Protein chains: 2
Amino acid sequence: MGVSIRDVAETAGVSMATVSRALSGRGNVSPRSRQRVLDAAAKLGFVPSYNASSLASGRTRNIGVMLPSVSRWFFSSVLEGASKALLEAGYDLTLYNTGEQPGNRESVLNDFLLRQRLDGVLAVSLELSSDEVDRLMRVKRPVVGVGGPIAGVATLRIDDVAVAREATQHLIGLGHRDIAHVSGTAEFERDFALPTSRREGFLAAMKDAGLEVRSSWLAATDFTVSGAYSASKRLLAAPGGRPTAIFAASDEMAFGAILAARDLGLRVPDDVSIVGIDGHDLGPLFGLTTFDQNPRKQGETAVHMLLGQIEGDGAAPPSAAIEPEFVVRSSTAAPKAAQRG
Amino acid sequence: MGVSIRDVAETAGVSMATVSRALSGRGNVSPRSRQRVLDAAAKLGFVPSYNASSLASGRTRNIGVMLPSVSRWFFSSVLEGASKALLEAGYDLTLYNTGEQPGNRESVLNDFLLRQRLDGVLAVSLELSSDEVDRLMRVKRPVVGVGGPIAGVATLRIDDVAVAREATQHLIGLGHRDIAHVSGTAEFERDFALPTSRREGFLAAMKDAGLEVRSSWLAATDFTVSGAYSASKRLLAAPGGRPTAIFAASDEMAFGAILAARDLGLRVPDDVSIVGIDGHDLGPLFGLTTFDQNPRKQGETAVHMLLGQIEGDGAAPPSAAIEPEFVVRSSTAAPKAAQRG
DNA sequence: GTGAAAGCGCTAACAC
DNA sequence: GTGTTAGCGCTTTCAC
């Protein structure tokens, strides 16, 4: 129905092969022919069919991005970065939003990813089983992971354990001894080990400092502002005394903790210090001390790793660790309020 | 390289056409043949090539979603809804994140959308010029718009003017006379008339009630929490006296206003009432009075309109108006503080 | 440097 | 109900 390469060939007075070469840049074409082709294409408003091109060449110029949610800040930021990098590189981005519950993943893997429409896959915060990785690898397309470790796949991520440990050490260094941790529930562990890793780092720092951790001060909730708000309210209003500091596993959770403290009439950081992880855009507004992990950049970098593998020698890039930047703002300070045991 | 339909045909002992029919459901196949095909396909691990299928049939089972941002709540929610609906329908979603600045739109329209890889396009909050619409229509694919009016295209949206008017009337009904409006700058008008429409509704309601609007109480900023925070601080701390109520053009902006009020030591709603538009997930946490427009649902509905057009009779569905629900929470009340001129 | 021709893997008439 | 056949629009050997 549209203008095909044949039409361009005819008006340019050359063969289809020459048109293809002139337009794709592959192979040699005389400047004269190239110009004739370009003129003809412009005149006819030629738009190449990517399906036909893909079918013939095997390249699709399309990358699949798989992630558990688009509404949480980390994910939308990674997506934004990846989207920008792909747009610039002239690739399409096919989005597979698996949803927080793992049911959809099945169908995404089975029905979508394998349909040979993708040159590569970006898997964001998905902890894939070895069987799932196998299935992914079977299509012989490069895969790069972001935010979660995937066995046998090049991955881009921060060292969650180390970052959590340092965030906790920041609080300890300020003089805090009664520190609570707000993190994700077991439900979330299925898809990424993040909650476990961050809790691990927290516990390690506490242990190193010889500090005790009350089990009730390890709050588990979902990764949202609201979830952390409720959990923090419980923490801060518990009859047995409250912590002087909260380490939240994400900035959104930290915001929830800050809002909870305020609603209880507690001052941040005077009555309670709060630290997060992420580098959320609203961090400055809340004065949140946090580890900035620049997810937008992670999305971009991951895309470049992927494209390097696709367009380059095909060698899998090494997994890379992102260096997050610790940003101290006004949500953390030395404890001032009298402590209760 | 993979298993093709020909291999399946051979092991099943039928023709390629029968395999195609059995697998796609189109056309008649005896139960016996169907079973043989299914068995053979499963045994060989057959995965159809969508490129080949698209090329031959003209259908791509792929929908393009164009939006200006994935980080703002409204957009990510629409995307989530659309993504869910498409996943269920067995369609791929190709994401075109044009970015808030209009430069990318050009390349998205020129280089991506026209490559005949899409069965339809969902345009979210993009005000396309007639030339751009022309180019979109030239590919003969259905287009459905969400959140912004597009000339000549079926659109799903709330009546921004009416909603803004009612939100303002809510404040007026409570007894407020000094009402400010925080909305988007002219910069944003390029991509959607939303700021203008909502300001229009606000002004209409004020005029109807015989209330004056100070020009300095029409604050224009970007559509973020931070932008509204700064703008609201200026509004609420201005030397000439402050408004007793703020109507924010979005919930995220309303959150910014609430945070600004709190940081100034003002109580919401005692000192200042705040109302938004959207139905943001965090509305309950902030006690925000708002018009819930359920963007997730809008995304789903828009997809169904699109698929109906693609799979059905091809008739363009009528533009539909979403009925937003007014939710009164604790951020609005009758003015209590003494008013100053 | 260029063209002819053989597919890429599938679908859709059309015949039987 | 099933097979045969002719493409979908492009890329890519292979000759020249």
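Scroll up to find the structure this text is about.
It should be emphasised that the depicted structure is a prediction, and the values quoted were computed from it without experimental measurement.

1. Here we look at the packing of helix α12 (residues 251-263) of chain A against helix α12 (residues 251-263) of chain B
- Viewed as axis vectors pointing N to C, α12(A) and α12(B) meet at an angle of 45 degrees, and their least axial separation amounts to 13 Å. As the angle between them shows, α12(A) and α12(B) are arranged oblique. Of the two possible hands of crossing, α12(A) and α12(B) adopt the one that is left-handed. Across the interface between the two elements, A:L259, A:R262 and A:D263 from α12(A) touch B:L259, B:R262 and B:D263 from α12(B).

2. Observations regarding the sheet that holds strand β10 (residues 289-292) of chain B
Residue and element names in this part refer to chain B.
- Judged by pairing direction, the sheet is mixed, and its six strands sit side by side in the order β7-β6-β8-β9-β10-β12 without closing on themselves. Taken across any chain shown, the strands that pair with only one partner, and hence form the sheet edges, are β7 (218-221) and β12 (325-327). Geometrically, the sheet is characterised by an average inter-axis angle of 15 degrees between neighbouring strands, direction not taken into account.
- One ladder, built from three bridges, connects strand β8 (residues 245-248) with strand β9 (residues 273-278); its direction is parallel. Pairing of A245 across the sheet is with S273, part of β9.
- The strands touched by helix α10 (residues 194-208) within the sheet are β6 (179-184), β7, β8 and β9, with β6 carrying the most contacts at an inclination of about 165 degrees.

3. Digging into the protein's contact with DNA strand D
- Near DNA strand D, the surroundings consist of 26 residues, among which A:I5, A:S20, B:T18, B:S30 and B:S33 are the closest.
- Within the side chain of B:R21, an N or O atom sits 2.8 Å from a base nitrogen of DNA strand D.
- Put simply, the parts of the chain that give the surface near DNA strand D at least two residues each are α2 (16-24) and α4 (50-57) of chain A together with α2 (16-24) and α4 (50-57) of chain B.
- With four residues, α4(A) is the largest single contributor of residues to the surface near DNA strand D.
- Residues that form the surface near DNA strand D fall into these classes: 13 nonpolar, 10 polar and three charged.

4. A few points about the sheet that holds strand β9 (residues 273-278) of chain A
Residue and element names in this part refer to chain A.
- Spatially, six strands are ordered β7-β6-β8-β9-β10-β12 in an open sheet, and the strand pairing comes out mixed. Single-partner strands in this sheet number two, and they are β7 (218-221) and β12 (325-327). Across the sheet, the mean angle from the axis of one strand to that of its neighbour is 15 degrees, orientation sign disregarded.
- Summarising the sheet, strand β6 (residues 179-184) and strand β8 (residues 245-248) pair through four bridges and their orientation is parallel. Looking across to β8, one finds that H181 is bridged to F247.

5. Quick notes on helix α8 (residues 160-173) of chain B
Residues and elements named next belong to chain B.
- For α8, spanning 14 residues, the distance from its first C-alpha to its last is 20 Å, which sits close to the expected 20 Å at 1.5 Å a residue.
- What α8 keeps buried is the set D160, V163, A164, A167, T168, H170, L171 and I172.
- Following α8 by one or two positions, G175 adopts a phi angle in the positive range, close to 110 degrees.

6. Regarding the packing of aromatic side chains
All names here are of chain A.
- Within the structure shown, the criterion is met by eight aromatic pairs over all chains.
- Ring geometry for F202 against F247: centres 6.2 Å apart, planes inclined by 35 degrees, an arrangement best described as tilted. Of this pair, F202 sits in helix α10 (residues 194-208) while F247 sits in strand β8; the two residues are 45 residues apart in sequence, bridging distant segments of the chain. For the pair shown, F202 and F247 are each scored as buried.

Conventions we followed
- Residues numbered from 1 in each chain as written.
- Chains lettered and ligands numbered in written order.
- Predicted model: local features only at pLDDT ≥ 70, side-chain atom pairs only at ≥ 80, totals over all residues.
- Heavy atoms only, no water.
- Axes fitted to C-alpha atoms, helices over the stretch in contact; angles between N-to-C directions.
- Helix = DSSP H or I, 4+ residues; strand = E, 2+ residues; numbered from the N terminus.
- Parallel < 35°, antiparallel > 145°, perpendicular 65-115°, else oblique.
- Left-handed = near helix turned anticlockwise from the far one by under 90°.
- Contact = heavy atoms within 4.5 Å.
- Pairing = 2+ DSSP bridges.
- Near = heavy atom within 4 Å.
- Polar contact = N/O pair within 3.5 Å; in protein donor to acceptor, adjacent residues only side chain to side chain.
- Nonpolar A, V, L, I, M, F, W, Y, C, P; charged D, E, K, R; others polar.
- Expected span 1.5 Å × (residues − 1).
- Buried < 20%, exposed > 50% of the residue type's maximum accessible area, 1.4 Å probe, protein only.
- Phe/Tyr/Trp six-rings, centres within 6.5 Å; stacked < 30°, edge-to-face > 60°.

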